[in-house]
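# Topology and contacts: notes
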Amino acid sequence: MKYKRILLKLSGESLMGDKAFGIDNNRLSIYAEQIKEIRAAGVQVAIVIGGGNIFRGVQAEEGGMDRTHGDYMGMLATMINSMALQAALESVGVQTRLQSAIEMKEISEPFVRRKAVRHLEKGRVVIFGAGTGNPFFTTDSAASLRAIEVNAEVILKGTRVDGIYTADPEKNPDATKYDSISFDDVYRKGLNVMDMTAFTLCKENNLPIIVFDMDTPGNLIKVLNGEEVGTIVRN
Ligand code: GTP
């Protein structure tokens, strides 16, 4: 395998599958099977999942709610997704531990970096819930932060598109995909990979990001095999 320890970032929206809201069990099991496959190959896996299928902090602000309040609700949404993913993984025999950035001791361990690292070394999939525990930070920022904290070698950002394009491929048919691009070029060209906080954290800590299509079964193991799937962003 190309990487020994990875952080997989999954979007909440993609958990919806074809539904308009919530969690699609079929999509959940596609994810669980793919994660099982890379675990079986010996890769140490940490996961951060978003909450946009349930609640988004920015939407709350549009409705007149305080942004901070909405962000905390969004963090709770990530915990629902994290628990769903944990159950899906355990149902296919993958050992997991869930750690939350906000203490919820009845349902999750608290985030303790050294314990998380130990779990990874023992081959458990560690899911980090509740984002960074702070408002104004996205789950992409949580993914970058946790990846750096546990010394992951790369962030794998699973999305619906199969990489980074010169323009939005859904709007511009001439758009072409990058196999590899530098952090500086992403910034110069104004391409959208992650929000700037998350992006800068990766760049400054020399942590590459691979953007790839996680909804196609088998893609995750291909990335780990070093096949040219998706787009890699690096210094
Ligand atoms: P090692 O000691 O490294 O083998 O790790 P371990 O996770 O097996 O040991 P531990 O005794 O810490 O945890 C046993 C189980 O309890 C695991 O499923 C943990 O996720 C869970 N657990 C540990 N701490 C907490 C907590 O604060 N809250 C909740 N809800 N579960 C916890």
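We now turn to the structure provided with this report. (Residues numbered from 1 in each chain as written. Predicted model: local features only at pLDDT ≥ 70, side-chain atom pairs only at ≥ 80, totals over all residues. Heavy atoms only, no water.)

## Concerning the overall build of the chain
- Scanning the chain from terminus to terminus reveals nine helices and nine strands.
- The C-alpha atoms of the chain give 17 Å as radius of gyration, which agrees with the globular expectation for 235 residues (18 Å, within 12%).
- Projected onto its principal axes, the C-alpha coordinates of the chain cover approximately 50 × 50 × 35 Å.
- Within the chain, buried positions represent 52% of all 235 residues.
- Put simply, 71% of the contacts in the chain that link residues at least 6 apart link residues at least 24 apart.
- Accessible surface, the chain as shown: approximately 11,100 Å² in total, 47% of it carbon and sulfur.
- Taken as two groups, the 28 positive and 30 negative side-chain charges of the chain have centres that lie 7 Å from each other. (Helix = DSSP H or I, 4+ residues; strand = E, 2+ residues; numbered from the N terminus. Rg over C-alpha atoms; globule rule 2.2 N^0.38 Å. Buried < 20%, exposed > 50% of the residue type's maximum accessible area, 1.4 Å probe, protein only. Contact = heavy atoms within 4.5 Å. Areas by Shrake-Rupley, 256 points an atom, 1.4 Å probe, with all protein chains shown as cover. Lys, Arg positive; Asp, Glu negative; His and termini not counted. Charge placed at Lys NZ, Arg CZ, Asp CG, Glu CD.)

## Side note on helix α4 (residues 67–91)
- End to end, α4 covers 36 Å across 25 residues, agreeing with the expected 36 Å (1.5 Å per residue, within 8%).
- Phi for Gly 93, located one or two positions after α4, is positive at around 85°. (Expected span 1.5 Å × (residues − 1).)

## Description of the site of the ligand
- Surrounding the ligand, one finds Arg 97, Lys 105, Glu 106, Ile 107, Ser 108, Glu 109, Pro 110, Lys 115, Arg 118, His 119, Lys 122 and Arg 124.
- Contact between the ligand and Arg 97: an oxygen atom at 2.7 Å from a side-chain N or O atom of the residue.
- Here a nitrogen atom of the ligand sits 2.6 Å away from a polar atom, N or O, in the main chain of Lys 105.
- If the ligand stood free it would expose 620 Å²; the protein chains cover 53% of that surface.
- Sorting the residues of the shell around the ligand by element identifies β4 (109–110) and α5 (113–121) as the ones contributing at least two each. (Near = heavy atom within 4 Å. Polar contact = N/O pair within 3.5 Å; in protein donor to acceptor, adjacent residues only side chain to side chain.)

## As for the nonpolar core
- Of all hydrophobic cores here, the largest spans 38 residues; its most connected members are Ile 6, Leu 8, Ile 35, Ile 47 and Leu 156.
- At the level of elements, β1 (5–10), α2 (25–40), β2 (44–49), α4, β5 (125–129), β6 (154–159), β8 (209–213) and α9 (219–224) are the ones that each hand at least two residues to this core.
- Membership of the second largest hydrophobic core comes to 29 residues, among which are Ala 116, Ala 142, Phe 183 and Val 211. (Core = buried A, V, L, I, M, F, W, Y, C linked by side-chain atoms within 4.5 Å.)

## Points about the pairing of strand β3 (residues 96–100)
- Across the five residues of β3, four count as buried, placing the element largely inside the fold.
- Bridge count for β3 against β5 is five bridges, and the pairing is parallel. Its bridge partner being in β5, Leu 98 is matched across the sheet by Ile 127.
- Sheet topology note: the β3/β4 ladder contains two bridges and is parallel. Across the sheet, the residue bridging to Ser 100 is Pro 110, located in β4. (Pairing = 2+ DSSP bridges.)

## Overview of the packing of aromatic side chains
- Evaluation of the coordinates by the stated rule reveals two aromatic pairs.
- For the pair Phe 111 and Phe 128, a centre-to-centre distance of 5.6 Å together with 75° between the ring planes defines the contact as edge-to-face. Taken together, the positions of Phe 111 in the loop between β4 and α5 and Phe 128 in strand β5 put the pair 17 residues apart, joining distant regions of the chain.
- Taking the relative accessible area as the measure of exposure, Phe 128 reaches 2% and is therefore buried. (Phe/Tyr/Trp six-rings, centres within 6.5 Å; stacked < 30°, edge-to-face > 60°.)

## Observations concerning α5
- Those residues of α5 not exposed but buried are Ala 116, Val 117, His 119 and Leu 120. One face of α5 carries all of its buried residues, which in axial projection span an arc of 160°. Residues of α5 that are exposed and angled more than 90 degrees away from the buried face: Arg 114 and Glu 121.
- Where α5 terminates, the next one or two residues include Gly 123, which has phi positive at roughly 90°. (Arc of directions from axis to C-beta.)

## As for the pairing of β6
- For β6, a buried count of six out of six residues is recorded, marking the element as mostly surrounded by other parts of the structure.
- By the bridge criterion, five bridges tie β1 to β6 in an arrangement that is parallel. From the neighbouring strand, Leu 10 faces β6, where its bridge partner is Gly 158.
- Sheet topology places β6 next to β8; five bridges connect them, and they run parallel.

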